Structure formats: C-alpha cells, structure tokens
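# Structural characterization, general
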Amino acid sequence: MRSVQGADATRRRRGGWVLALAILALAILAGAGGAYAWQRQHAHPDKPAARAPAPVPVTLARVEQGPLPKVLGGLGTVQAYNTVQVRTRVDGEILKIGFREGQVVRKGDLLAQIDPRPYQAALDQAKAKKAQDEANVKNARADLERYTKLGDYASRQQTDTQTATVNQLTAQIAGDQAAIDNAATQLSYATIQAPIDGVTGFRLIDVGNIVNAAQQTAIVTITQVEPIFVVYTAPEDQLGEVMRALAAGPVPVEAWSSDGMTRLSTGRLDLVNNQVDVATGTIRLKASFANKDHALWPGASVSTKTRTGTIPDAVTVPDDAVQHGPKGLYAFVVDDQNHAHMQPITVGRSTDGRTQVTKGLSPGQSVVWRGQSRVQEGALVAEAKPADSPAHSAAHSADNAALASSEAR
C-alpha cells in the first residue's frame, strides 16, 4: 500500500516539473517574439549611398601675356621744398599778426607788424640831415665861385680851402643818402612779410610781445609744399637700373600711402645721391611732385614706386596665384575637366598685383587665384559664384528643397 502511494507521489512530482518546463518555454518564446516585433518596429531605414565629392569652389584667373612695367619699390619721407623760420630783424613791439595758423600764404603777404615809429623817426632825421648838408654845399660852391672870379685878388690858399670844403660837404651828402637808405631798410623790416609761398605753422609769438633781432624764437615757420620732395632709399644693387633709366629720360615716381593702398601723387626722379651708405647698403634718391592738391605733407611716411622701364612680352598671373610649397613655388593649373594640378613655376618681378612667370606656365591657361587652401592635387574645382548672383540663388533654393524633402522622409 505504501509503495502504491509512493509511486503516485512520484508521478505527481514529475507532472509538476513538466508543467513548469512547458510554462517556461512558452514565456521564452513570447519574449523572443516581442523582441523581434520591437526590432522590426524600430529598425532604422537604410542609409543613402555616399555621394561623390562636391567640387571645391575657387576663383580662377587666366595666364596673360603683355607689357609689364619695371617698378622698384621703396620707403621714404616727404620733405618741404623750402622751410623758413620767420624771425624779426629789428627790435620792437608786435602791433599786428597778419596770418592765421595753417594758412596758405604767398610771397610778400603780411605776417606781422612791429611798431614802426622809431624807425620812421630815424628815416626822417636822416632826410633832414641830408637837406641840411645840401644847403651847406650849395653855399660852399657859391663861395668857391666868388673866389675863383676874384682871380689874383684871392689867394691860392683860400681857393684850395674852399674847394676842399665843397668836396667835404658833397661827401657828407653821399653819407646822408646812405643813412637814409639804411633807415628806410630798418623801417621796412618793421613790416614782416612772407619770404616764400607756403603754409604757415603754429604762431609762436602773440600781439603785444616785445621782440628783438637777437632772439632765437621764430614768429612762425613757413613750409613750401608746391612743389614738394620725397626722399627715399633703394638697395645698392638697383643703382645700375636706376642710372640707366635716368640716362634714357625722365623717370616717373609714384608716391603711395604707407600701407600701399592709396596712390597719393605722381612725380619724377630728380636726384640720385653721390654715394652709397656703406652702413645700410642703400642709395638715397629724391623725387619731386607738383602737389597741387596737397596730398603730400612734410614729414609724412610714404611708399614709392619708381618705374624704370617695361618688359614687352611678360607672362603674368595674379600675385595670389603663386603658392609656396616644400619644393618651391607652384600654382594650381586647371585642366579641361576642371581638375587642379600642381605646377612648379619660376617667377620674376611683381608689379601692380601681377607676378611675372618666367617658367612653368603658358598664356591662356587657367590657374586657381583664390581658394587654394581646400584644393589638393587632382581635386575637382568649380568657379565660385558671388553670393548675390542668380546662379547662387538658384543653387541655394535647390539645396533648401532637397533638405526639406529629406526631412519629410
């Protein structure tokens, strides 16, 4: 009886284990199915195929051939054609100032008036002395004439003495005239006039001050700016080129602002200094400019461009097209399929934003002018369009439409 009951218990335990295993299997299958369904529901869409690289936007330029001016650059300083420190030549009180600071004056214009009364009095006194001596000499000549008419009744001594008196008084009249001229000169110095055409500076003495000829302080300084000079330097190895240009004719010189962005005036080379500065290895040159518009001002720093000739058939590219690499200079040349290739080049002089290429390029080729930083050997390039061009606007609209369509998907 006990054995039958034990067998029943064993069968019941086995049935429980089977049921538990079945339930576990069903739970695993249900979980796997749910995971599969979730994955299908949240699966990412297929990525689009990679696009071909877009062309690099650049600015292109043509290799040109034509005359290229020979220009030598330099740095210089503007100097006044003449500079005068106006001082008094007589003593006295300043009664009037006849100019404004910074005024353009002409030769002979009134600058200052010194009290003229003492000098006018001296002139009047000299004139009176001359008139007195003229009266004396007239009387002496009359006495000499009477002595001469007396003949033997007048002694020889009297005649000779009277002749000497006439000569003495005549000489006094000449001295009186010299005194008059001197007094008139001193009187004219009381009126101070501009000795040259130019521009006045700061007024250094005011009305009411006493001035004298011995003082060192000037009343004003006048600088002549029409014409005007520019003194600049050039390396000594350019001396031969400059001298050959001078021998051939006038050498044009342009004065530019110190940053090289604005041309101020055009003149000509007047002088090459007679010796080279051995300390710096440079030669000083002087150019003159008409300067009617006063674009050049004394003391200002300028850059200069001296044109010494012309290269007739120079092959040139824009300066920015020339690049520096580990193996030397090169330029990106664009072929018919709009692919850029590095081309080693040799260059000469640079003038007005263009560089002479002596080797490596031919006229008519296209080179990358701007935008080289993103260009590599063999890269596909395209001419960049201005931001406000129709082509740029159409391309921008197409890009926006494509982006909106992608977001909708």
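The structure we're discussing is the one just above.
In this report, we go over the structure that sits alongside the text. (Residues numbered from 1 in each chain as written. Predicted model: local features only at pLDDT ≥ 70, side-chain atom pairs only at ≥ 80, totals over all residues. Heavy atoms only, no water.)

## Thoughts on the sheet that holds strand β8 (residues 210-211)
Put simply, the rule reads: By this definition, two strands are paired if DSSP reports at least two bridges between them. Strands here are runs of E lasting at least two residues and helices are runs of H or I lasting at least four, both read from the DSSP assignment and numbered beginning at the N terminus.
Ordered in space as β6-β5-β3-β8, the 4 strands form an open sheet in which the pairing is antiparallel. Unpaired on one side and paired on the other, β6 (191-193) and β8 mark the two borders of the sheet. Inspection of the sheet shows strand β3 (residues 92-97) paired to strand β5 (residues 110-114) by 3 bridges, in the antiparallel sense. Counted as the bridge partner of Ile-94 is Ile-114 from β5.

## Observations regarding the side chain of Glu-254
Using the following cut-off: Identification of polar contacts relies on pairs of N or O atoms within 3.5 Å, with a donor-acceptor requirement for protein atoms, meaning one able to donate a hydrogen and the other able to accept it, and with residues adjacent in sequence counted only if both atoms are side-chain atoms. Any two residues whose heavy atoms approach within 4.5 Å at even a single point are treated as in contact.
Among the secondary structure elements, Glu-254 is positioned in strand β10 (residues 252-256). Side chain to side chain, Glu-254 and Trp-256 meet in a polar contact 3.0 Å long. Filtering out sequence-adjacent residues up to four positions away, Glu-254 remains in contact with Arg-263, Ser-265, Thr-266, Phe-289, Ser-303, Thr-304, Lys-305 and Arg-307.

## Here's the deal with the environment of Glu-64
Among the structural elements, Glu-64 can be located in strand β2 (residues 64-86). Spatially, the C-alpha atoms of Glu-64 and Ser-366 are 9.7 Å apart, while their sequence positions differ by 302 residues. In this view, Glu-64 contacts Ala-314, Val-315, Thr-316 and Arg-354; residues no more than four positions away in its chain are not counted.

## As for the pairing of strand β11 (residues 263-272)
As paired elements, β10 and β11 share 5 bridges and run antiparallel to each other. Its bridge partner lying in β11, Trp-256 is registered against Arg-263. Count of turn residues in the β10/β11 antiparallel hairpin: 6 residues, of which Gly-260 carries a positive phi of about 75°. As paired elements, β11 and strand β12 (residues 282-289) share 4 bridges and run antiparallel to each other. Pairing of Leu-271 across the sheet is with Lys-286, part of β12.

## Describing the pattern of salt bridges
Stated formally: When a carboxyl oxygen of Asp or Glu is within 4 Å of a side-chain nitrogen of Lys or Arg, the pair counts as a salt bridge. Classification of residues uses two cut-offs on accessible area relative to the type maximum, computed with a 1.4 Å probe and protein chains only: under 20% is buried, over 50% is exposed, and between them is partly exposed.
The final tally for this structure, using the stated rule, is 12 salt bridges. Of the charged contacts in the structure, one is a salt bridge between Arg-117 and Asp-115, with a shortest N-O distance of 2.9 Å. Asp-206 serves as the salt-bridge partner of Arg-203, at 3.0 Å between the closest nitrogen and oxygen. Residue class for Asp-206 comes out partly exposed when judged on its relative accessible area of 40%. Taken together, the shared-partner salt bridges in this structure form one network comprising Glu-254, Arg-263, Arg-307 and Asp-352.

## A few points about unusual backbone geometry
Along the chain, Glu-226 connects to Pro-227 via a cis peptide bond; the corresponding omega equals -5°. Take Pro-227: it is sitting in strand β9 (residues 220-235). The backbone phi angle of Asp-352 is positive, close to 55°, even though this residue is not glycine. One can find Asp-352 in the loop between β17 (346-351) and β18 (354-359). With relative accessibility at 47%, the residue Asp-352 sits in the partly exposed group.

## A few points about the packing of aromatic side chains
Basically, it comes down to this: In summary, the pairing rule links any two rings of Phe, Tyr or Trp, Trp by its six-membered ring, whose centres are within 6.5 Å, and it sorts them by plane angle into stacked for under 30 degrees, edge-to-face for over 60 and tilted for everything else. Look at NZ for Lys and CZ for Arg. If either is within 6 Å of the ring centre and within 35 degrees of the ring normal, a charge sits over the ring.
Scanning the model with the defined rule gives 2 aromatic pairs in all. When the ring of Tyr-81 is compared with that of Phe-229, the centres are 4.8 Å apart and the planes differ by 25°; the resulting orientation is stacked. Placement of the pair is Tyr-81 in strand β2 and Phe-229 in strand β9, with a sequence separation of 148 residues. Residue classification places Tyr-81 among the partly exposed residues on the basis of a relative accessible area of 36%. Centroid distance Tyr-330 to Phe-332: 5.5 Å. Interplanar angle 90°. Geometry classified as edge-to-face. The pair formed by Tyr-330 and Phe-332 is uniform in burial state, with each residue classed as buried. One residue, Lys-305, lies across the ring of Trp-256, its end atom 3.9 Å from the ring centre.

## Re the nonpolar core
What counts here: Nonpolar cores were defined as sets of buried Ala, Val, Leu, Ile, Met, Phe, Trp, Tyr and Cys residues, with membership established by side-chain atoms within 4.5 Å.
If you look at the biggest cluster of nonpolar residues, it comprises 24 residues, and the most contacted ones within it are Leu-111, Ile-114, Ile-192 and Ile-222. Those elements that provide at least two residues to this core are β3, β5, α2 (117-150), α3 (156-189) and β9. Residues contacting Ile-114, with those up to four places away along its chain left out, are Thr-88, Val-90, Asp-91, Gly-92, Glu-93, Ile-94, Leu-95, Ala-190, Ile-192 and Val-211. Of all hydrophobic cores here, the second largest spans 21 residues; its members include Ala-234, Ala-255, Leu-269 and Val-272.

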